[in-house]
Structure formats: C-alpha cells, structure tokens
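# Report on the structure
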Amino acid sequence: MKASVTLYDTTLRDGSQGEDINFTLADKIRIAQKLDAFGVHYIEGGWPGSNPKDISFFDEVRKYKWQHARIAAFGSTRRTKTPVEKDEQVRLLLDAGTPVVTIYGKSWLLHVHEVLKTSPDENIAMISDTVKFLKDHKREVIFDAEHFFDGFSDDPAYALDCLIAAEKAGADYVALCDTNGGRLPAEVARITAEVVGKLNARVAIHTHNDCGVGVANALAAIEAGATQVQGTMNGYGERTGNCNLTSVIPNLVLKMGRPALARTRLRHLRDLSLFIDDVANVRHDIRAPYVGQTCFAHKGGTHVNAVQKTSRSYEHIEPEAVGNTRRILVGELSGRSNILMKAEELGYRFDKDAPEVKKILNEIKHLEHQGYEFEAAEGSLDILIKKALGRYKPFFELLEYHVSIFRSSRLSSVDCEATVKLTVKGEPTHHVAEGDGPVNALDAALRKSLEPFYPAIKKIELTDYKVRILDAQKGTSARTRVLVVSTNGRRSWGTVGVSDNIIDASWLALVDSIEYALLQKSR
C-alpha cells in the first residue's frame, strides 16, 4: 500500500492573489463548502491579519459543520525582536479559531539579510517561537518554508536548520516551497528526498508554475517522500499561478496509486473546476488536463474511427472517471452521465436510459448554445429539470416590467425606478420601487409584488451578482450572462439568466432565485 497524500487547498488565499481573481465573502463560503464535499483535507481560508473580509470568513465558518476538511488560517512567524505572545498578527491567528494554523517563515539567507534585515539566528528563533506558541495553544501547525529550494541551493545547511527548528518546536508538517516557481522536477525530487531522509516531521510540497512545471514538481516531490501537496483549484495564483490541484489529484489517484481521495469523488472533479471558475467569473480553460472541454474531444478521422472501436486507443483514462465526457466533434455531444450526476445531487433519480434524461440533456444543450452555464446555478438547473419533467408550476406570471434611469448633472445623482406588473394566484398586482441601480430597483419591485402572497420571500437576500460578457467582439450589443447568489439564512444557491439585454438577463436570474426558494419551501 502506497502512502496516502493529504490535499491542502489554498484557492481562497494564494489563489485569490492571481490577477483578475476576486472572491466575495459569499464566494469563499460557497467554494469552501464545495471543496469540503469533494473531500479536500485542508482548506486555507485566508490571512486574518490582512483584511476585514478574511476576519469575517473565519467568523462565518464557525457556523458550519465540515465533513472532511480542516480549516486553516494563514500568517507569518512573529516579527523580529518581538516576543511572540505580544505579536498582534500571531494573536489574530489564534483568534481566528481554526483547528489548523499555517505560518510561513524565511529559509533563504538572501531574504533573512535583505528583506527581514535580521540575523540568521533571530530568523530561526522567530520560526521556533511561533510554532511552539501555536502548538501550546493546541493548534495543528504547518510551517511553510518560503523560498526553500532557492535557500537550499545557496546554503543547504541553513535551509535545513530552519526546517529542523520548526520540527523541534512541534510542527505537524514542514512545507517545502518553490515560491519563485523556478525549479525543475529532478532538482525538486533530489532535495525533497534529502529533506525526508533527515526529518521526522511530515513533509509537504508547495510549488508555483513559473516554469510551467508546477504540477510536475509537486508529483516529483511526492515520489521523493512528501505526503502533502499544496495547491489551488484550476491553478489560480500570483504570476503564472500555483500548482493546479485539478491536475495533481487525478494524477495521484489514477496514475500513482496514492489514496489521496476516493475514486468515486473524482467523478465530481470537472464540476468542481467549472463551479470555481464560474464563481470567480473567469473563462474556463477548455484545454485544461482532465477537466477541460477538449480533453476527450476527437476530430481527426483516424482518431475517431479508433476511439469508436476501443476508446483507450486515444484516451489515457475513461472520461467519466473525472466527470468529463467524450466528444466526437463531427457528431452529437455526449453528456448523459453529467446530467445523471447533477440530477442526483439535486435529489432526482433516473435510469441512464430514461427518456427524461435525453429531454433534460437536449434542453441544457439548447440553453448552453445561448450562453447559459449551470455549474454554479443549481437553482436554475433544478427549475429546468422540473420543467422538462412536467412538474413545474409557476408561482406568478409576468405581465410587464419597466425600468427607468434618471441622471441629473445638476445634482450629480442617478435615480433608478422599476415597475413590475404580475398575476399572482389569479390576482393582478402592480408595484413600483426605487433602488441603488436598475437591478436593485427591479429586485425590490418584484419582492414588493410577491411578499403579500409568499411571506417567506422576506427571508431571501441577494448576496452576490456577477456579469459575464459572452461575445465581447460585438461591443455594447454583446450577449450577457448574469449569475446571482441568494440565501435564506440557512443555505445559498445560484441562478443564471442570459439575454442580449443585461437588465433582462438579471430579471431571469432573479425570477429563478425567487422561484427556487419557493419550490424548496413547498417541498
């Protein structure tokens, strides 16, 4: 039996440092819940000393029960010439209340002298004092040796002394960090093996992708004896990104035989990847290994002929193993397994050959052709399935809506007003509301119209709103996708709308959000 490997996800902290990656508090909670359900062992939530959002995140996560993951707060060793118990940043790590604390410290003398402006002995004391202090407060401690491979190349003895100091102070893991992302697999493997041979503490690997080998470096370290891999979903991160867990995880499980995750959970890998991209509001990499749309797409005549006879002639794994599908580009797209998995998550059960599956699949294909995506819009998907099954009954009928925007240059203000006319339970209703913007006004008018009939709507709050331009080359006439996230105080859900008009796309997403909540209430 090969040694198991623990998965440490830092999408919410290191990943959010990537250009164009921004998560709201609601985003971070939803992503953490998805990672936990997937089976990740550690979720690094952020740095409680860096910004109010991360402090709020750690306050919020205490309200949830985590099935598989341990939440980690991230920070640094104590400051130079400061007693650890008086270091405010270290105190905030404790106040976060997480079972795990990850701290980084310097292991490269260049940084000790030129960045910290301190002595090598003081740097080692900073590592030792901080680890011991956190262990004394009953935390699991992971020590990230920043720039370890650079430090080891310059002065192996000192870099090892930094790890040994953390180990002696009680660190549960010491992580070897290729912070600059400039090392190659053979070197990472050699140095990792040397460290594993000299330490008793468990060794983790943290790589960046500046040379394009972040995943290869992580796998080389695992082969050399590391037992934890740190990375981000979809490879988010600063510069060219971090080690991509959507590639590392299937390689560990399917190629290296390392029990990092149950094989059954791998079937949700592509959905997880798409979900996180959608929440982050970034375009998915269609050529990403394992999870990309084109991973198992076949176009060349010779290839297609061979795959139809025996799929492994041109496929290194079964696409279904990671939740993907085979695509013959000259024919109809596949996708039944994905529909079955999605439906099962929402509480439906179908036989794979059931006619309902084909009906749902055809409707999804039709809507996706228009620009819809459902990975982070489970509310809209649930409604779509009900409509396809003939189980959907609308809670109201739209007669018309109107939105007006008035800008006064004299007053330097913008006023928005929306009018909504509906039929609810056979009765006409007509309400007007103002808002901070056209969508806010439309949302307010819709709620005013419905609350007398459905009081439960008062508990529903819109927590996030994202816009994606689908065909930017068309300029201001481009098609728009809107994703909204709502909550009733107990759980959150996403809904989606697509239109040539951003207001109409928003209306479609808002309507699905309200109707999904009412459907759950009526179950």
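What counts and how
Residues numbered from 1 in each chain as written. Predicted model: local features only at pLDDT ≥ 70, side-chain atom pairs only at ≥ 80, totals over all residues. Heavy atoms only, no water. Pairing = 2+ DSSP bridges. Helix = DSSP H or I, 4+ residues; strand = E, 2+ residues; numbered from the N terminus. Axes fitted to C-alpha atoms, helices over the stretch in contact; angles between N-to-C directions. Contact = heavy atoms within 4.5 Å. Polar contact = N/O pair within 3.5 Å; in protein donor to acceptor, adjacent residues only side chain to side chain. Buried < 20%, exposed > 50% of the residue type's maximum accessible area, 1.4 Å probe, protein only. Phe/Tyr/Trp six-rings, centres within 6.5 Å; stacked < 30°, edge-to-face > 60°. Expected span 1.5 Å × (residues − 1). Parallel < 35°, antiparallel > 145°, perpendicular 65-115°, else oblique. Left-handed = near helix turned anticlockwise from the far one by under 90°. Nonpolar A, V, L, I, M, F, W, Y, C, P; charged D, E, K, R; others polar. Patch = residues over 30% accessible without salt bridge, like charges linked within 9 Å, V, L, I, M, F, W, Y side chains within 5 Å. Areas by Shrake-Rupley, 256 points an atom, 1.4 Å probe, with all protein chains shown as cover. Salt bridge = Lys/Arg side-chain N within 4 Å of Asp/Glu carboxyl O. Lys, Arg positive; Asp, Glu negative; His and termini not counted. Charge placed at Lys NZ, Arg CZ, Asp CG, Glu CD. Core = buried A, V, L, I, M, F, W, Y, C linked by side-chain atoms within 4.5 Å. 1 Å grid on protein atoms, 1.4 Å probe; cavity = no way out; pocket = protein on both sides within 12 Å on 5 of 7 lines; lining within 4 Å. Points joined across faces, edges and corners; volume = space filled by probe spheres on them.

Here we come to the sheet that holds strand 16 (residues 492-499). Spatially, three strands are ordered 14-15-16 in an open sheet, and the strand pairing comes out antiparallel. For this open sheet the edge positions go to strand 14 (461-469) and strand 16, each flanked by a neighbour on one side alone. Neighbour-to-neighbour, the strand axes of this sheet turn through a mean angle of 20 degrees, independent of strand direction. In the sheet, strand 15 (residues 480-487) pairs with strand 16 via eight bridges, with the strands oriented antiparallel. Its bridge partner lying in strand 16, Leu-483 is registered against Val-496.

Structurally, the position occupied by Ser-486 is in strand 15. C-alpha of Ser-486 to C-alpha of Leu-110: the two residues are 376 residues apart in sequence and 48 Å apart in space. Apart from residues lying up to four places away in sequence, Ser-486 is in contact with Ile-460, Glu-461, Leu-462, Thr-463, Arg-491, Ser-492, Trp-493 and Ser-513. At 2.5 Å, the side chain of Ser-486 forms a polar contact with the side chain of Ser-513.

Along helix 9 (residues 214-223), eight of the 10 residues are buried, which leaves the element largely enclosed by surrounding structure. Those residues of helix 9 lying buried are Gly-214, Val-215, Asn-217, Ala-218, Leu-219, Ala-220, Ala-221 and Ile-222. Phi for Gly-225, located one or two positions after helix 9, is positive at around 125 degrees.

Okay, the packing of aromatic side chains next. Overall, the coordinates contain 14 aromatic pairs when judged by the stated rule. For the ring pair Trp-493 and Tyr-516, a centre distance of 5.7 Å and an interplane angle of 50 degrees mean the geometry is tilted. Placement of Trp-493 in strand 16 and of Tyr-516 in helix 18 (residues 502-522) is noted, with a sequence separation of 23 residues between them. Accessibility classification places Trp-493 together with Tyr-516 in one group, the buried group. An aromatic cluster is defined as three or more aromatic residues linked by ring pairs; in this entry it consists of Tyr-8, Tyr-42 and Tyr-173.

Compared with the 16 Å implied by 1.5 Å per residue over 12 residues, the 17 Å span of helix 12 (residues 269-280) between its first and last C-alpha is a close match. Within the span of helix 12, buried status applies to Leu-269, Arg-270, Asp-271, Leu-272, Ser-273, Leu-274, Phe-275, Ile-276, Asp-277, Asp-278, Val-279 and Ala-280.

This next bit is on the packing of helix 1 (residues 25-38) against helix 2 (residues 52-61). Helix packing for two helices is described by the angle between their axes and how far apart those axes are. The N-to-C vectors of helix 1 and helix 2 enclose an angle of 45 degrees; their axes lie 10 Å apart at closest approach. In terms of orientation, helix 1 lies oblique with respect to helix 2. Considering how the two elements wind past one another, helix 1 and helix 2 form a crossing that is right-handed. Contacts between helix 1 and helix 2 involve Leu-25, Lys-28, Ile-29 and Ala-32 on the former and, on the latter, Lys-53, Asp-54, Ser-56, Phe-57, Glu-60 and Val-61. A breakdown of the residues in the contact of helix 1 with helix 2 according to their chemical character gives five nonpolar, one polar and four charged.

What follows is about a positive patch on the surface. On the surface, Lys-459, Arg-490, Arg-491 and Lys-521 cluster together to form a positively charged patch. When you line up the elements, Arg-490 lands in the loop between strand 15 and strand 16. Judged by its relative accessible area of 68%, Arg-490 is exposed.

Turning next to the environment of Phe-374. One can find Phe-374 in the loop between helix 15 (355-370) and helix 16 (378-389). On the basis of relative accessible area, Phe-374 is assigned to the buried category, the value being 6%. For the pair Phe-374 and Phe-275, spaced 99 residues apart in sequence, the C-alpha separation works out to 8.5 Å.

Let us look at the nonpolar core. Residues Phe-148, Leu-163, Val-229, Leu-252 and Phe-350 are the most contacted members of the largest nonpolar core, which totals 108 residues. Contacts of Phe-148, omitting those with residues within four sequence positions, involve Ser-107, Ala-159, Leu-160, Leu-163, Leu-176, Cys-177, Ile-191 and Val-195. Residues Ile-383, Ala-418, Leu-510 and Ala-517 belong to the second largest nonpolar core, which totals 29 residues.

Enumeration over the complete set of coordinates arrives at two cavities of 30 Å³ or more. The wall of the largest cavity is formed by Asp-278, Asn-281, Lys-466, Arg-468, Arg-481, Val-482, Leu-483 and Val-496. Listed by contribution, the elements that provide at least two residues to the lining of the largest cavity are strand 14 and strand 15. Considering every element that reaches the lining of the largest cavity, the biggest residue donor is strand 15, with three residues. A class-by-class count of the residues in the lining of the largest cavity yields three nonpolar, one polar and four charged. In this structure, the second largest cavity spans a volume of roughly 30 Å³. Elements supplying a minimum of two residues to the lining of the second largest cavity: helix 17 (438-450) and helix 18. Per-class residue counts for the lining of the second largest cavity are two nonpolar, two polar and two charged.

What follows is about the sheet that holds strand 4 (residues 100-106). With respect to topology, eight strands assemble into a closed barrel ordered 1-2-3-4-5-6-7-8, the strand pairing being parallel. Each adjacent strand pair in this sheet contributes to an overall mean axis angle of 25 degrees, direction not counted. Direction of pairing for strand 5 (residues 140-146) relative to strand 6 (residues 173-178): parallel, over a ladder of four bridges. Residue pairing in the sheet places Asp-144 in a bridge with Ala-175 of strand 6. Each of strand 1 (6-9) and strand 2 (42-46) is contacted by helix 1, which is oriented at about 170 degrees to strand 2, the strand it contacts most. Contacts from helix 3 (residues 88-95) reach strand 3 (70-76) and strand 4 within the one sheet, and its direction differs from that of strand 3 by about 175 degrees.

Applying the stated criterion to the full structure yields 24 salt bridges. Its salt-bridge partner being Glu-140, residue Arg-70 comes within 2.9 Å of it at the nearest N-O pair. Taken as a pair, Arg-70 in strand 3 and Glu-140 in strand 5 lie far apart in primary sequence, 70 residues in all. Using a relative accessible area of 34% as the deciding quantity, one classes Arg-70 as partly exposed. Each of the salt bridges in this network shares a partner with another, and the network as a whole consists of Arg-13, Asp-14 and Glu-44.

All quantities given are derived from atomic positions and should not be read as evidence of function.
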